[in-house]
Amino acid sequence: MPDCLFCRIVAREIPAQYVCEDEDFVAFRDISPKAPTHVLIVPRKHIPKLSQASEEDVTLLGRMQRLAARIAAEAGLESWRLVLNNGRGAGQSVFHLHYHLLGGRPLLWPPG
Ligand code: DGP
């Protein structure tokens with residue numbers, strides 16, 4: 001296993017507020033929430049960032065978006081945003097691909 005924070009959370013070596021999990025994904029609350037609902041959706045597979053995902057990850061990525069929609073619905077959110085930061089310049093700080101699901105407050109556009 002690479003020395004990766006999210007791999008360790010996925011493996012339950014580091015605690016988190018887990019929201020749900022299945023055979024491919026773990027979802028847990030962001031430690032520094034930027035909205036009343038701020039859930040990180042993380043594939044168990046270690047892919048450092050979206051630009052390093054391959055053709056074989058296409059189904060996984062699609063299922064990740066469907067899971068985000070399900071978590072949003074279960075949280076009672078009608079409007080919400082999915083964010084994926086790719087690369088340091090875009091704000092990525094943990095190099096294990098993940099979506100941020102944000103909701104529960106007005107979300108401005110464009111983001112900063
Ligand atoms: P990004 O900057 O897009 O790579 O998002 C990484 C997010 O991970 C950031 O919003 C803060 C969150 N985070 C960092 N360390 C931890 C942690 O130990 N636990 C949890 N739950 N979230 C973390």
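Below is a short write-up of the structure. Only a predicted model underlies this, so the values are computations on that prediction, with no experimental measurement involved. (Residues numbered from 1 in each chain as written. Predicted model: local features only at pLDDT ≥ 70, side-chain atom pairs only at ≥ 80, totals over all residues. Heavy atoms only, no water.)

### So, the overall build of the protein chain
What the protein chain contains, in helices and strands, is two helices and five strands. Starting at the N terminus and walking to the C terminus, you meet the elements of the protein chain as α-β-β-β-α-β-β. Rg of the C-alpha trace for the protein chain: 13 Å, near the compact-globule value of 13 Å for 112 residues, within the 12% margin. When the backbone C-alpha atoms are referred to their principal axes, the protein chain occupies close to 40 × 30 × 25 Å. Within the protein chain, buried positions represent 38% of all 112 residues. Here the analysis covers contacts within the protein chain between residues at least 6 apart in sequence; of these, 54% occur between residues at least 24 apart. Summing over all exposed atoms, the protein chain offers an accessible surface of approximately 6800 Å²; the carbon and sulfur share of this is 53%. For the protein chain, the distance from the average position of its 13 positive side-chain charges to the average position of its 12 negative side-chain charges is 7 Å. (Helix = DSSP H or I, 4+ residues; strand = E, 2+ residues; numbered from the N terminus. Rg over C-alpha atoms; globule rule 2.2 N^0.38 Å. Buried < 20%, exposed > 50% of the residue type's maximum accessible area, 1.4 Å probe, protein only. Contact = heavy atoms within 4.5 Å. Areas by Shrake-Rupley, 256 points an atom, 1.4 Å probe, with all protein chains shown as cover. Lys, Arg positive; Asp, Glu negative; His and termini not counted. Charge placed at Lys NZ, Arg CZ, Asp CG, Glu CD.)

### A short note on the site of the ligand
Every one of the 15 residues lining the ligand counts as a neighbour, but Asp30, Asn85, Gly91, Ser93 and His100 are closest to it. Histidine 98 is positioned with one of its side-chain polar atoms (N or O) 2.9 Å from an oxygen atom of the ligand. If the ligand stood free it would expose 510 Å²; the protein chains cover 83% of that surface. Of all elements in the fold, only helix H1 (5–10) and strand S2 (25–29) reach the threshold of two or more residues within the shell around the ligand. Looking at the shell around the ligand element by element, the count peaks at three residues for H1. Looking at the shell around the ligand, its residues break down into seven nonpolar, six polar and two charged. (Near = heavy atom within 4 Å. Polar contact = N/O pair within 3.5 Å; in protein donor to acceptor, adjacent residues only side chain to side chain. Nonpolar A, V, L, I, M, F, W, Y, C, P; charged D, E, K, R; others polar.)

### Description of the pattern of salt bridges
The full count for this structure, using the stated rule, is eight salt bridges. For arginine 63, the salt bridge is made with aspartate 24, and the minimal N-O distance between the two is 2.4 Å. In this pair, arginine 63 is assigned in helix H2 (residues 58–74) and aspartate 24 in the loop between strand S1 (18–21) and S2, connecting sequence segments 39 residues apart. The network of salt bridges with common partners includes Arg12, Glu21 and Arg44. (Salt bridge = Lys/Arg side-chain N within 4 Å of Asp/Glu carboxyl O.)

### Some remarks on the side chain of threonine 37
Position of threonine 37 among the secondary structure elements: in strand S3 (residues 37–43). Dropping the residues within four chain positions of it, threonine 37 is found in contact with Ala75, Leu77, Leu101, Leu102 and Gly103.

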